[in-house]
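Survey of secondary and tertiary structure
Each chain is listed here by its residues.
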Amino acid sequence: MSFQSLGLSADLLRAVAAQGYSTPTPVQREAIPAILEGRDVLAGAQTGTGKTAGFALPLLQRLAAGCRAHDDDGRKRSGPVRALILTPTRELAAQVAESVRTYGKYLPLKCAVVYGGVNINPQIAALRRGVDIVVATPGRLLDHVSQRTVDLSQLDILVLDEADRMLDMGFIHDIRKILALLPRRRQNLLFSATFPDEIKTLAGSFLVSPQLIQVARQSCAAEGIAQVVHPVDRERKRELLSWLIGSQNWRQVLVFTRTKHGANRLAKQLQQDGLNAAAIHGNKSQGARTRALAEFKDGTVRVLVATDIAARGLDIDQLPHVVNFELPHVAEDYVHRIGRTGRAGNEGEAVSLVCVDEAGLLHGIERLLGQRIARLAISGYEPDPSIKAAPILNGRSGGKLRGHGGSPRHARNYASPRGRPSRSGHGGSRARA
Ligand code: AMP
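Below you will find a few notes about this structure. Note that the structure is a prediction, hence the values are computed from the model and not measured.

**Remarks on the overall build of the protein**
- Scanning the protein for helices and strands turns up 17 helices and 14 strands.
- A buried classification covers 56% of the 433 residues belonging to the protein.
- Restricting to contacts in the protein with at least 6 residues of sequence separation, those with at least 24 account for 76%.
- Counting only carbon and sulfur atoms, one obtains 49% of the accessible surface of the protein, whose full area is about 18,600 Å².

Right, dumping it as structure tokens:
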């Protein structure tokens, strides 16, 4: 199937071709015709499935067709906002806006992005000049509403992107407030990776006979991703990670930790190991987050250490390796994390470094996936069986019992760089598995 057969206009087909897309992804095949027809859509699609183009392309086409925001002579008139795309995080908002601008580059439509953590005045100025599409995080959008710097009364299309994550982040009240500001007659599109009851209730409250689209089974890990668990002692994870990156010459790797503090600490330690690493999490300023992401994308930063919320929706092309330095508390987050690799048909590898404390978390993830993930002990890093599981407190493995269980062997290996295995030892171990 081609993009032409989906009913997209020549201007959009040009933009799609310029991106190098030749065939629509499954979510695009289903979503584009339904949205062009004006239907509400309820789509179960993870990041990496091409869902952004799945809603952005038909949204742009519908807005361009009903170009209310232009005079007959084609001059831009500053009009009210016609489409609103809500996202859970600033990074995702910025990325979605970038995609909308890319796909809409041959159309006379304007897009503004609105999120917190940055000066509100440039956003006010952009909104005043008149925009057709606003991509926003809920909190900052409501700031604009209260300052009367945005008019949503003429909205035609509403998109909730990554709705499950918006609810996880506590945005339900903000979303309800925003829904109450919109005209009753409009088109609604809801995209969510998972469908917990809260999402079903929300969807039922405002979608009208939606077209249901489910491209990947709920909680099923994206295809094309090789998953492996390396069992390792909690205190040796960092050492093993550095070694994996170096010995296998990983060009670029996204590493997940459970906490912001853990992300900072790990990035610093990796830098001490001579790896160019940066941390990205909610306590960093917007400028620092944008810079870290840009440096990761251009290859200056080799290791990006991220928390779940900060990494949500990051669009990094063809990321070959994702590492779970710590398993997430919520099993669904594992699926989201590994969705950063193997995107849009590329192969990827998801590596989890799992210590004895995380046996329960691993079990929960495997139950969700409905499959067992292969265990592969790396020669020289096999876990010390005398180390006992300790509770994970405040996201921190080992909890109060840190330091407990350090056997003489463990202590020796950790302290001495000579404890590192040789390249051949590692290769042999993988080959045997
Ligand atoms: P998304 O799921 O929207 O975050 O998209 C994931 C990635 O797939 C992005 O890098 C898009 O540029 C890319 N992509 C989207 N649609 C296609 C397509 N039809 N062919 C190839 N790549 C695509």
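Still more ground to cover, so stick around.
**Focus: the sheet that holds strand β1 (residues 41-44)**
- Spatial strand order, β3-β4-β2-β5-β6-β1-β7: seven strands in an open sheet with parallel pairing. Strands at the two margins of the open sheet, each flanked by one partner only, are β3 (111-114) and β7 (211-214). With direction set aside, neighbouring strand axes in the sheet form an average angle of 10°.
- Where strand β2 (residues 83-86) and strand β5 (residues 157-160) come together, four bridges link them in parallel fashion. Bridge pairing in β5 places I85 opposite V159.
- Across the face of the sheet, helix α5 (residues 121-129) comes into contact with β3 and β4 (133-136) while running at roughly 155° to β3.

**Re the pairing of β5**
- Here β5 shows no split at all, with I157 and V159 on one side and L158 and L160 on the other all buried.
- Two strands pair when backbone bridges link them, and β5 and strand β6 (residues 187-192) are joined in this way by four bridges, in the parallel orientation. Each residue of the ladder has a partner; that of V159, found in β6, is L189.

**What about the side chain of R337?**
- Take R337: it is sitting in helix α14 (residues 331-338).
- On the basis of relative accessible area, R337 is assigned to the buried category, the value being 1%.
- Within the local environment of R337, its side chain forms a polar contact with the backbone oxygen of E326, the two atoms lying 2.6 Å apart.
- Discounting chain neighbours no more than four positions away, the residues touching R337 are F256, T257, R258, D308, V322, N324, E326, L327 and P328.

**Observations regarding unusual backbone geometry**
- Within the chain, R148 stands out as a residue other than glycine whose phi angle is a positive 55°.
- Locating R148 in the fold gives a position in the loop between α6 (138-146) and β5.
- Judged by relative accessible area, which is 76%, R148 ranks as exposed.
- Despite not being glycine, N249 has its phi angle at roughly 55°, a positive value.
- Its place among the elements puts N249 in the loop between α10 (237-247) and β9 (253-256).
- Residue class for N249 comes out exposed when judged on its relative accessible area of 59%.

**Examining the packing of α6 against helix α8 (residues 172-181)**
- At their nearest, the axes of α6 and α8 sit 10 Å apart, and the two run at 45° to each other. Taken together, the axis directions place α6 and α8 in an arrangement best described as oblique. Crossing angle aside, the handedness with which α6 passes α8 is left-handed. Facing α6, whose interface residues are P138, G139, L141, L142 and V145, α8 presents D174, K177, I178 and L181.

**Describing the packing of α10 against helix α11 (residues 260-272)**
- In contact at an axis separation of 10 Å, α10 and α11 are set at 55° when each is read in the N-to-C sense. Judged by the angle between their axes, α10 and α11 are oblique. As for how α10 packs across α11, the hand of that crossing is right-handed. Listed contacts from α11 to R238, L241 and S242 of α10 are L266, Q269 and L270.
- Among the residues making up the contact of α10 with α11, the classes are represented as three nonpolar, two polar and one charged.

Procedures and definitions
Residues numbered from 1 in each chain as written. Predicted model: local features only at pLDDT ≥ 70, side-chain atom pairs only at ≥ 80, totals over all residues. Heavy atoms only, no water. Helix = DSSP H or I, 4+ residues; strand = E, 2+ residues; numbered from the N terminus. Buried < 20%, exposed > 50% of the residue type's maximum accessible area, 1.4 Å probe, protein only. Contact = heavy atoms within 4.5 Å. Areas by Shrake-Rupley, 256 points an atom, 1.4 Å probe, with all protein chains shown as cover. Pairing = 2+ DSSP bridges. Axes fitted to C-alpha atoms, helices over the stretch in contact; angles between N-to-C directions. Polar contact = N/O pair within 3.5 Å; in protein donor to acceptor, adjacent residues only side chain to side chain. Parallel < 35°, antiparallel > 145°, perpendicular 65-115°, else oblique. Left-handed = near helix turned anticlockwise from the far one by under 90°. Nonpolar A, V, L, I, M, F, W, Y, C, P; charged D, E, K, R; others polar.

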